[in-house]
Amino acid sequence: MKMTLPLTRLSTAVGVSLSVVLASSWALAQDADIPDLEGLWTNASLTNLQRPDGVDSLVVTPEEAALIVANTSIAGLPANEVDAPEASTPGTAPPAGSFDFGLRGYNDFWIDPGSNLALVKGEFRTSYIIDPENGQIPRLENPAVQIRRSFGARYVTGQGNADGPEALPLAERCFIGFGNTAGPGMMGTLYNSTYQFVQTDDYVVILVEMNHDARIIPLYDNAEEARANERPAELNQWFGDSRGWYEDGWLVVETVNINPQQMAESSVPITPDGKITERFMRYSDSEIVYQFTVDDANLYSQPWTAELSYHATEGPMYEYACHEGNYALPGILAGARRAEAEAATNQ
């Protein structure tokens, strides 16, 4: 049924460096043009990047937000089925290859996606995308670069290429977090949506709870100086080459040369020709407004912009330990070789 809503430069030893930096007071905080972003923040919400079908408005009332939340899927399951103990056949686990094989690996105890739609500047938002106005990613019908996306299907069904370790998704091998948590284009996911922002005169560091990813962003006096200090394109860092500057009360971060291996798994796919521009502004004592604009003519018909907020949280920031790459990977590969051997025997 259609529902129409009314318009309304730091050491790589990041853990050590962070504790030292936090104990210091930085002089730039006295400059009104520089937003104070330090602290612990969360961007957890049930809002998605794109607006849901049947919802026409970006901003909704609290009552409308509650209705949308009640019909929002979590981990790919309807909200009222998240705590269901098993799949459709009572007493059995979902078989590998079934739609809910991976989905049933999480119930409500293990997830923390947020409990409401994104609250941005006092408004409940139905999508992170604010431009285009329809809340949809303006994908090209015939993109110049084809992206083969397989992570979602693999997660749901438990089936996928296991020819070797490189065949498995980056997040499954614990290289980066899933769900674009470290960005660029940083968004919350099922859990671990806490961020620690640290500022010095020369750097901003964003420590991401998910997969303990860290973005170390050098600061320059202006956009021209920042762009003149790009790293060589051959240095393909996972999260790209980010450089920042302050401008009219915003921290602006421009990122290029994002590692192309991320394209197939990112919520914000971008080719080596594209760039992502992020903007952070301290909206209040308890809120940072965050925008990011994606510009890549290889994939999109126009640049598009998303906006969400980070809200202050007491924390603590817990250690995140990803062990799938240590323990699960040998089992996955051994199982695949066993299946191949059995198939060859049965021929």
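All of these numbers come straight from a predicted model, not from anything done at the bench. Sequence order as written defines the numbering, with residues in each chain counted from 1. At least 70 in pLDDT is required for a residue's local features to be given in this predicted model, at least 80 for side-chain atom pairs to be given and counted, and no such filter applies to totals for whole chains, interfaces and linings, which use all residues. Computation of side-chain values covers all heavy atoms of the structure but excludes hydrogens and water.

## Considerations on the overall build of the protein
- Helix and strand counts for the protein come out as five helices and 13 strands.
- Element-wise, carbon and sulfur atoms account for 51% of the exposed surface of the protein, whose accessible area totals about 17600 Å². A helix here means a DSSP run of H or I that spans at least four residues, while a strand means a run of E at least two residues long, and both kinds are numbered starting from the N terminus. Note on areas: these come from Shrake-Rupley sampling with a 1.4 Å probe, and a residue is covered only by the protein chains present in the view.

## Quick look at the packing of aromatic side chains
- Note on ring pairs: Phe, Tyr and Trp rings are taken, using the six-membered ring of Trp, and paired if centres are within 6.5 Å. Classes follow the plane angle, with under 30 degrees stacked, over 60 edge-to-face and the rest tilted. Going through the model one piece at a time under the given rule, you end up with 10 aromatic pairs.
- Judged by centre distance (5.7 Å) and plane angle (80°), the ring pair of Tyr 300 and Trp 304 falls under edge-to-face. Trp 304 matches Tyr 300 in its accessibility class, with the two residues each being buried.
- Charge over a ring is defined by NZ of Lys or CZ of Arg lying within 6 Å of the ring centre and within 35 degrees of the ring normal. Over the ring of Trp 250 we find Arg 279, and its NZ or CZ is 4.7 Å from the ring centre. Buried means the residue's accessible area, taken with a 1.4 Å probe over protein chains only, is under 20% of the maximum for its type, while exposed means over 50%, and partly exposed covers the values in between.

## Brief notes about helix α5 (residues 324-345)
- Take the residue count of a helix, subtract one, and multiply by 1.5 Å to get its expected span. Over its 22 residues, α5 runs 30 Å from end to end, which matches the ideal 32 Å to within 8%, given 1.5 Å per residue.
- Turning to α5, its buried residues number three or more, namely Leu 329, Leu 333 and Ala 336. Buried residues along α5 cover an arc of 60° about the axis, so they all sit on one side. Among the exposed residues of α5, those oriented more than 90 degrees off its buried face are Asn 326, Tyr 327, Arg 338 and Thr 345. When we speak of the arc, we mean the arc of directions from the helix axis to the C-beta atoms.

## Some thoughts on the side chain of Thr 194
- Residue placement: Thr 194 occurs in strand β6 (residues 194-199).
- Excluding anything up to four places from it in sequence, Thr 194 contacts Leu 40, Trp 41, Leu 207, Val 208, Glu 209, Thr 313 and Met 317. Throughout, a residue-residue contact means that at least one pair of heavy atoms, one from each residue, lies within 4.5 Å.

## A short note on the sheet that holds strand β3 (residues 118-120)
- In spatial order, the strands read β2-β4-β3; together these three strands make up an open sheet with antiparallel pairing. Two strands close off the open sheet at either side, each with one partner strand: β2 (59-60) and β3.
- Two strands pair under a simple rule: DSSP has to find at least two bridges between them. Pairing of β3 with strand β4 (residues 123-125), which is carried by three bridges, proceeds in the antiparallel orientation. Note that in β4 the partner of Val 120 across the bridge is Glu 123.

## Things to note about unusual backbone geometry
- Here the amide bond leading from Asp 131 into Pro 132 is cis, since omega sits at 10°, within 30 degrees of zero.
- Relative to the helices and strands, Pro 132 resides in the loop between β5 (129-131) and α3 (151-157).
- Residues Gly 183 and Pro 184 are joined by a peptide bond in cis, for which omega reads 0°.
- If you trace the backbone, Pro 184 turns up in the loop between α3 and β6.
- Unlike most non-glycine residues, Asn 180 shows phi in positive territory, near 65°.
- Within the element layout of this structure, Asn 180 appears in the loop between α3 and β6.
- A positive phi angle, near 55°, is found at Asn 192, a position not held by glycine.
- With respect to the secondary-structure elements, Asn 192 resides in the loop between α3 and β6.
- For Asn 192, a relative accessible area of 18% corresponds to the buried category.

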